[in-house]
Protein chains: 4
Amino acid sequence: MKAFVARSLDGVESLEIRDIAPPGSLGPGQIRIAVRAASVNYRDLMILSGAFSASTIDDLIPCSDGAGEVVETASDVWRVRTGDRVALTYNPFWIGGFFEIPAKPLGRGGGVHGVMREQVVVDQSEAVLLPSHLSYAEGATLPCAAVTAWHALCGPAPLLPGMTVMSQGGGGVSVFALQLAKLFGARVIIISSSPERCARLKSLGADETVDYRADAEWDAAVRNLTGGRGADLTLDIGGAQTFERSLRATRIGGRVALVGLLTGPPVAASSIFSSGTITPIKVGSRQDFESMNRAIEFHKLRPVIDSRYPFKRFPDALLHLKSGKHLGKIVVEFD
Amino acid sequence: MKAFVARSLDGVESLEIRDIAPPGSLGPGQIRIAVRAASVNYRDLMILSGAFSASTIDDLIPCSDGAGEVVETASDVWRVRTGDRVALTYNPFWIGGFFEIPAKPLGRGGGVHGVMREQVVVDQSEAVLLPSHLSYAEGATLPCAAVTAWHALCGPAPLLPGMTVMSQGGGGVSVFALQLAKLFGARVIIISSSPERCARLKSLGADETVDYRADAEWDAAVRNLTGGRGADLTLDIGGAQTFERSLRATRIGGRVALVGLLTGPPVAASSIFSSGTITPIKVGSRQDFESMNRAIEFHKLRPVIDSRYPFKRFPDALLHLKSGKHLGKIVVEFD
Amino acid sequence: MKAFVARSLDGVESLEIRDIAPPGSLGPGQIRIAVRAASVNYRDLMILSGAFSASTIDDLIPCSDGAGEVVETASDVWRVRTGDRVALTYNPFWIGGFFEIPAKPLGRGGGVHGVMREQVVVDQSEAVLLPSHLSYAEGATLPCAAVTAWHALCGPAPLLPGMTVMSQGGGGVSVFALQLAKLFGARVIIISSSPERCARLKSLGADETVDYRADAEWDAAVRNLTGGRGADLTLDIGGAQTFERSLRATRIGGRVALVGLLTGPPVAASSIFSSGTITPIKVGSRQDFESMNRAIEFHKLRPVIDSRYPFKRFPDALLHLKSGKHLGKIVVEFD
Amino acid sequence: MKAFVARSLDGVESLEIRDIAPPGSLGPGQIRIAVRAASVNYRDLMILSGAFSASTIDDLIPCSDGAGEVVETASDVWRVRTGDRVALTYNPFWIGGFFEIPAKPLGRGGGVHGVMREQVVVDQSEAVLLPSHLSYAEGATLPCAAVTAWHALCGPAPLLPGMTVMSQGGGGVSVFALQLAKLFGARVIIISSSPERCARLKSLGADETVDYRADAEWDAAVRNLTGGRGADLTLDIGGAQTFERSLRATRIGGRVALVGLLTGPPVAASSIFSSGTITPIKVGSRQDFESMNRAIEFHKLRPVIDSRYPFKRFPDALLHLKSGKHLGKIVVEFD
């Protein structure tokens, strides 16, 4: 079968298509999935650049997020059936409860092989049924970005209707946070980098937007938009570039969910005493994924797909992501 | 000033209008409110029938739920200002956190005087700002029924989008539960007593209704509507008549919120092991009230008012409530 | 290898020792455990009596609770190593988070084979390391009774130091609840059936005991012992015989954990409005088990073993349990 | 009556004893307390140095923490009685639930007058009964330091037995954290500045100590002591000087409670993604105080008093605190 393999971790250029043997016969509890679509995340770029090389396997098949069809199941499998349309979880062993670091790295597309191959064999516990109204391409957008956003919104204490959520930019997590927060009945404020992107985010449901190129003091803008109180929940996506202002934009007793490290880890926290709880978000558990899918199914929510690439153009999908010009998710469709 | 006073606790007939002295000068932290509207609750009927006589004061001014205008504040008051439009909390001393039984009964319209008088003087901690789009009549519907519904939906773990809520009938709590649950992004199933009432509840946003006169096995109906899983949250309003079926209608690991005792306390619980957590709901705290008001304000939610009575016809409002023919809240408007 | 097998579900008499083939070679993620000890639970008796026959497999190897040594691991196993001393989880698929009913019954010793055999092969996710100071016999007491007690004490909101816990009798769950609650810094009140048993429970750490044969109104006794306030947490173990009094013994806003159904499900709940939250306890997750083990390890807690039987006398262990004369856990030691 | 008054906010030297009029007659809900003892906190020093001058009243009577006897109650008071031994809450209006910033500053000894006077008149809601075994001097240690420590230990998810808590130094909060964490059944690691202080903290119950002058890499020491896992809960007391190492000493999914800012707010947070939730602690609510008192009462815990000063030597008590040589609380006893 065809697969993308990283010869080394020297960037997107290290990728090549290989013809490799398909996975062998199924062991107890295992299922075989024909992958139909994948989506790319910033973490895929970082892994291919060697950012986490210590926890990455050789000849890595990259990419964490995939969706496909169950084509075979071991005799003792009870969670899914042949023909089911599923996505794979991001953390193979995180079913529910709190996150535990496994004894060896197990992140899909890093510590274990990812989804850029025609078939995967996984334990039944790693598959989640897709909402019925979603295509494979739409389903492939969910495992990392959407679950991260959902988990951030639920947190230790879920968002309530009438609360204000603040998010940052038009990347996958931020756009899912916007769409999902509206299902919670929240007010959504998003900052973005141009009037055009702000307009697009408003058309997707944002109640307010702030163009942070025009208004660098966006934390003050968020304070003004909330009558001085601050946001109840802020998704900090920019890390070093945004963390201090994210703290200032958030009310005392509110929450700052750390969901990205686009610009490196936070380096200043001088407003931490007059802000809220800070929760680093490690994507989420399978139970988070399944709860979210119920919401997506009931509300017929459709993920925002920025662009679609065929299998062989997977490297181009990554480069487009790297450019930062996307709004929503970038998808790779298998033939 | 005019006030309704209960000569005894022998029912609605015990009520009479009296001209009593208005409250005297304000002590520290106190505010004077000109009451503009009240709403009636089943508890008001029970108190007037002597159901809780041990915890009721003499010459009781009845009714817990009122809204009005702040007309005077003591010099040290900082929570409200003259001219503010406020509602009174149901439990005067429950600000936030867990409910504590005070050393003496303090329920408004029971252990302390209620709102059926032209003026009340209370501590500033007992007033909550009305959502700006609501009239006094609408604001007066909130303190007991709406806060109970909100508290039931938040519970120890708030309702999430895509979850299913099951409620019972067209009384104040149930209709608020319906309206508020939609703000949480939930699916709402309500049982009611006729096709007409079911149709009315659908027009208010219910996703599904079950006519329990036509289908006595409404718990099985709820199971069917949820693919056999059961509701995530059930508001049990009927008590003895509904509790066992409420348990059966609720999924394992879900929740049954006990919010009423229309027909006496539950007497059977044989399905309790295969159901969810059971939480008795004691209205809610002031923080619950204020959180709810943010949701009501943001979504411009309008309480459903079944009927309006002038001050002097307060007894008729109570009798209409007793008839059980209302859908939504019954309001008394002051002159 | 030797195993106990239930020819039918007609009671302890249906059991026989058989020589059966040991489990074959390991699949991915699997481990082989040489079972060293088991402990018996009331549920084992109920299963053997056919109480849950619809969810029980044929030729059942009974008993949920076992401990043993890892003697072989598949090449991809990372959670345990050969030589590790482990116990098996009660619910094979409940890792953490909320309980989900699997599509087919999977309770060990019921829907899947239990531990009364010399070897078991399970997925690595089903094994939990034993606290280092415990023998296999002590470790075998943990999976059902101790995890149930721990889960009941943690609940949706963990017990705090200075709170009062009320438990019932000297069975496995109750004695673990007593021992573990002391680690939480709680005050413990236990009711039991004789002065001798009360004295024994006091020697194990109970702060107060009530002999319910001498004082049938034990709920009032608990109220008195708590200054009228009621227990913060009550473990209801008697079901139909105790539930109503358990409600009355518990403070408003407290919690009643339903942990047993010795006498059938509850049939009356008339005090439910003036009591606390009611939480049915389904044993607990693997994360609960592991958290508990950290507490047991740190405090060098030793499970209370009532009596020990050799493998071949497993039926006698069950009959002793049935007699109700034990205090603590009954253990079966493999040769 | 005698009172200490700050002529200005220029340090301890600004304090003088004045003879001022005692509080007048009681308003509704008010009680009169004869103050018997006070304790000093670092915040008192900061206020007197003008650190928060914008939220401080003129002619301030300083000091937040006091205990005394109820000597008079208004006729409608029901929470306490004459003769009751009480402490005052730190945040007069925070009863329970989440912290809300009041419209004007209300911190005792800052925005409102403190306890360095013979009599105070407060609302009944601001008094908490002392545990019966404590002296007034011991009771006066509780409102700020002990409640902060308790609240940090409870947090959004209470500490469980067997978890590891890490605290810093021998100040009031840290010593209470040590004493209270032992009631939760936790393992306690404390860092301190000398072998003598470490020995003293061990004698108070610390399981492990690290001399941070001898071992600057105390975060690594904590990791080692926890088998590489990290502490479940870290109380960060040093702020700018300790925050980054506190993050590193804490396990993924654990919690860092920010309880002090001795050296200014944190300025680095580069390990934030591989650490736990961060919760800024604002002392705590009255419900926190009362829950803690139940634990203190049940366990007969005695606060650690470093030294006692008579009323007139209040400035010396503050200077001793400033020296940082204390271990435990510094108390002022009224004549």
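Residues numbered from 1 in each chain as written. Chains lettered and ligands numbered in written order. Predicted model: local features only at pLDDT ≥ 70, side-chain atom pairs only at ≥ 80, totals over all residues. Heavy atoms only, no water.

Participant: A description of the overall build of chain A should follow, citing residues and the corresponding values.
Facilitator: Across its full length, chain A holds nine helices and 15 strands. What you see for chain A is a C-alpha radius of gyration of 20 Å, in line with the 20 Å of a compact globule of 335 residues. Dimensions along the principal axes, computed over C-alpha positions, put chain A at roughly 60 × 40 × 40 Å. Taking all contacts inside chain A whose residues are at least 6 apart in sequence as the whole, residues at least 24 apart take part in 68%. When the accessible area of chain A is evaluated, it comes to approximately 11500 Å², of which 51% is carbon and sulfur surface. Across chain A, the mean location of the 35 positive side-chain charges is 3 Å away from that of the 34 negative side-chain charges. (Helix = DSSP H or I, 4+ residues; strand = E, 2+ residues; numbered from the N terminus. Rg over C-alpha atoms; globule rule 2.2 N^0.38 Å. Contact = heavy atoms within 4.5 Å. Areas by Shrake-Rupley, 256 points an atom, 1.4 Å probe, with all protein chains shown as cover. Lys, Arg positive; Asp, Glu negative; His and termini not counted. Charge placed at Lys NZ, Arg CZ, Asp CG, Glu CD.)

Participant: How would you summarise the relation of the copies chain D and chain A if you had to cite specific residues and measurements?
Facilitator: If you rotate chain D by 180° and push it 0.0 Å along the axis, it lands on chain A with an RMSD of 0.0 Å. Classification of the inter-copy transformation places it as that of a two-fold axis. (Least-squares fit on C-alpha atoms with pLDDT ≥ 70 in both.)

Participant: With reference to specific residues and values, describe the pairing of strand E10 (residues 208–211) of chain C.
Facilitator: Residues and elements named next belong to chain C. Here strand E9 (residues 187–192) pairs with E10 via four bridges, running parallel. Looking at the pairing, Ile-190 lines up with Thr-209 of E10. Between the parallel elements E9 and E10, the chain passes through helix H5 (residues 195–203) in a crossover that is right-handed. (Pairing = 2+ DSSP bridges. Right-handed = clockwise from strand over helix to strand, strands pointing away.)

Participant: For the packing of aromatic side chains, give the residues involved together with the corresponding values.
Facilitator: Tallied over the entire structure, the rule returns 24 aromatic pairs over all chains. An aromatic cluster is built from Phe-4, Phe-311, Phe-314 and Phe-334 of chain A, whose rings are joined through pairwise contacts. Here Arg-85 of chain A stacks its cationic end above the ring of Tyr-136 of chain A, 5.0 Å away from the centre of that ring. Here the basic side chain of Arg-251 of chain A rests over the ring of Phe-98 of chain D, its NZ or CZ set 6.0 Å away from the ring centre. (Phe/Tyr/Trp six-rings, centres within 6.5 Å; stacked < 30°, edge-to-face > 60°. Lys NZ or Arg CZ within 6 Å of the ring centre and 35° of its normal.)

Participant: Which residues make up the interface of chain C and chain D, and what are the values?
Facilitator: Listed by partner, the interface residues are 19 residues for chain C and 19 residues for chain D. On the chain C side of the interface with chain D, the three residues burying the most area are Leu-160, Pro-161 and Phe-298 of chain C, jointly 36% of the side's total. Summed over the shared surface of chain C and chain D, the number is four residue pairs in polar contact (both at pLDDT 80 or more). Of all the elements in the fold, those that place two or more residues in the side of chain C that touches chain D are helix H3 (142–154), helix H4 (172–183) and helix H8 (286–299) of chain C. Broken down by element, the side of chain C that touches chain D gets its largest block of residues, five residues, from H8 of chain C. Here the residues of the side of chain C that touches chain D sort into ten nonpolar, four polar and five charged. (Buried area = accessible area lost by both parts, 1.4 Å probe. Polar contact = N/O pair within 3.5 Å; in protein donor to acceptor, adjacent residues only side chain to side chain. Nonpolar A, V, L, I, M, F, W, Y, C, P; charged D, E, K, R; others polar.)

Participant: Lay out the relation of the copies chain C and chain D in plain terms, naming residues and giving numbers.
Facilitator: Mapping chain C onto chain D is achieved by rotating through 180° and translating by 0.0 Å along the same axis, at an RMSD of 0.0 Å. With an isologous cut-off of 70% or more, the 100% of interface residues of chain C that recur at the interface of chain D puts this contact in the isologous class.

Participant: Run through the interface of chain D and chain A, naming residues and quoting values.
Facilitator: Tallying the contact residues gives 23 residues for chain D and 23 residues for chain A. Of the roughly 2000 Å² buried between chain D and chain A, counting both surfaces, carbon and sulfur atoms make up 71%. In terms of surface lost to chain A, no three residues of chain D exceed Ile-252, Ile-272 and Phe-273 of chain D, which account for 31% of the buried area on that side. One can count zero salt bridges joining chain D with chain A. Counting only elements with at least two residues in the side of chain D that touches chain A, the list comes to strand E12 (250–258) and strand E13 (277–280) of chain D. Among the elements that take part in the side of chain D that touches chain A, E13 of chain D stands out by supplying four residues, more than any other. Among the residues forming the side of chain D that touches chain A, the class breakdown is 15 nonpolar, seven polar and one charged. (Salt bridge = Lys/Arg side-chain N within 4 Å of Asp/Glu carboxyl O.)

Participant: Give me helix H9 (residues 314–323) of chain D: which residues, what numbers.
Facilitator: Three or four residues apart is the spacing at which side chains of an α-helix point the same way, because the helix has 3.6 residues per turn. All names here are of chain D. By the burial criterion, the buried members of H9 are Phe-314, Pro-315, Ala-317, Leu-318 and Leu-321. End-on view of H9: buried residues confined to an arc of 160°, all on one side of the axis. For H9, the elements touching its buried residues are strand E1 (2–6), strand E2 (15–19), helix H1 (42–48), strand E14 (305–310) and strand E15 (329–333). Count one or two residues on from H9 and you reach Gly-324, which has phi positive near 75°. (Buried < 20%, exposed > 50% of the residue type's maximum accessible area, 1.4 Å probe, protein only. Arc of directions from axis to C-beta.)

Participant: Pulling in residues and values, what's your account of the state of the cysteines?
Facilitator: Among covalent bonds in proteins, the disulfide is the one between the sulfur atoms of two cysteines. All chains considered together, the criterion is met by zero disulfides over all chains. In this structure Cys-63 of chain C is not part of a disulfide, and its nearest cysteine sulfur, from Cys-144 of chain C, lies 9.7 Å away. Looking at the unpaired Cys-154 of chain D, the closest cysteine sulfur is the one in Cys-154 of chain C, lying at 14 Å. A residue is classified by how much of its surface remains accessible, and Cys-154 of chain D, at 7% relative accessible area, is buried. (Disulfide = S-S within 2.5 Å.)

Participant: Talk me through the environment of Val-70 of chain A; I want residue IDs and the actual numbers.
Facilitator: Residues and elements named next belong to chain A. Relative to the assigned elements, Val-70 resides in strand E4 (residues 65–73). Given the relative accessible area of 0%, Val-70 is considered buried. Taking the C-alpha atoms as reference, Val-70 lies 4.5 Å from Ile-33; in sequence the two are 37 residues apart. Residues in contact with Val-70, not counting those within four places in the same chain, are Ile-31, Arg-32, Ile-33, Val-80, Arg-81, Thr-82, Gly-83, Asp-84 and Val-86.

Participant: Quick rundown of the packing of H3 of chain C against H4 of chain C? Include the residues and the values.
Facilitator: Residue and element names in this part refer to chain C. Contact geometry of H3 with H4 gives a least axis separation of 8 Å together with a crossing angle of 50°. As far as their axial angle goes, H4 and H3 are oblique. Regarding H3 and H4, the two cross each other, and that crossing is right-handed. For the pair formed by H3 and H4, the contact residues are Leu-142, Ala-145, Ala-146, Thr-148, Ala-149, Trp-150 and Leu-153 on the first element and Gly-172, Val-173, Phe-176, Ala-177, Leu-180 and Ala-181 on the second. A per-class count over the contact of H3 with H4 returns eleven nonpolar, two polar and no charged. (Axes fitted to C-alpha atoms, helices over the stretch in contact; angles between N-to-C directions. Parallel < 35°, antiparallel > 145°, perpendicular 65-115°, else oblique. Left-handed = near helix turned anticlockwise from the far one by under 90°.)

Participant: Requested: an account of helix H4 (residues 172–183) of chain A, with residues and values cited.
Facilitator: A rise of 1.5 Å per residue sets the reference length of H4 of chain A, with its twelve residues, at 16 Å; its end C-alpha atoms lie 17 Å apart and thus fit the reference within 8%. Taken from the residues just after H4 of chain A, Gly-185 of chain A is the one with a positive phi, measuring 80°. (Expected span 1.5 Å × (residues − 1).)

Participant: Summarise the pattern of salt bridges; cite the residues concerned and give the values.
Facilitator: For the structure shown, the criterion picks out 82 salt bridges over all chains. For the salt bridge of Glu-16 of chain A with Arg-7 of chain A, the shortest nitrogen-to-oxygen distance reads 2.8 Å. The exposure class assigned to Glu-16 of chain A is partly exposed, which follows from its relative accessible area of 23%. Of the charged contacts in the structure, one is a salt bridge between Glu-244 of chain D and Arg-248 of chain D, with a shortest N-O distance of 3.9 Å. Within this pair, Glu-244 of chain D and its partner Arg-248 of chain D are both found in helix H7 (residues 243–249), separated by four residues, close to a single helical turn. For Glu-244 of chain D, a relative accessible area of 12% gives the class buried. In this structure, a network of salt bridges that share partners links the residues Glu-217, Asp-219, Glu-244, Arg-245 and Arg-248 of chain A.

Participant: Quick rundown of unusual backbone geometry? Include the residues and the values.
Facilitator: You will see that Lys-300 of chain A, though not glycine, has its phi angle at about 50°, which is positive. Along the polypeptide, Lys-300 of chain A turns up in the loop between helix H8 (286–299) and strand E14 (305–310). Phi angles above zero are rare outside glycine, and Asp-59 of chain D is one such case at about 45°. Tracing the backbone shows Asp-59 of chain D in the loop between H1 and strand E4 (65–73).

Participant: Provide a residue-level description of the packing of helix H3 (residues 142–154) of chain D against helix H8 (residues 286–299) of chain D, including the pertinent values.
Facilitator: Residue and element names in this part refer to chain D. Packing of H3 against H8 leaves a shortest axis separation of 10 Å and a crossing angle of 85°. Between H3 and H8, the angle is such that the two are roughly perpendicular. Contacts from Leu-142, Pro-143, Ala-146, Val-147, Trp-150 and His-151 of H3 reach H8 at Asp-288, Phe-289, Ser-291, Met-292, Asn-293, Ala-295 and Ile-296.

Participant: Tell me about the environment of Gly-109 of chain D, and name the residues and values.
Facilitator: Residue and element names in this part refer to chain D. If you trace the backbone, Gly-109 turns up in the loop between strand E5 (85–88) and strand E6 (119–123). Taking the C-alpha atoms as reference points, Gly-109 and Ala-231, 122 residues apart in sequence, are found 35 Å from one another. In this structure, Gly-109 is in contact with Arg-43, Ile-47, Leu-60, Ile-61, Pro-62, Cys-63 and Gly-114, ignoring residues within four places of it in sequence.

Participant: So what's going on with the environment of Leu-159 of chain B? Which residues, and what values?
Facilitator: All names here are of chain B. Of note, Leu-159 is situated in the loop between helix H3 (142–154) and strand E8 (164–168). Given a relative accessible area of 2%, Leu-159 falls into the buried group. Each C-alpha atom, one on Leu-159 and one on Leu-88, is 26 Å from the other, the two residues being 71 residues apart in sequence. Filtering out sequence-adjacent residues up to four positions away, Leu-159 remains in contact with Leu-153, Val-165, Ala-181, Phe-184, Ala-186 and Leu-233.

Participant: Give me the confidence of the model for chain A: which residues, what numbers.
Facilitator: For chain A, mean pLDDT is 95; residues scoring 70 or higher make up 99% of the total. Overall fold confidence (pTM) sits at 0.96, and the ipTM for the predicted complex is 0.95. (pLDDT = per-residue confidence, 0-100.)

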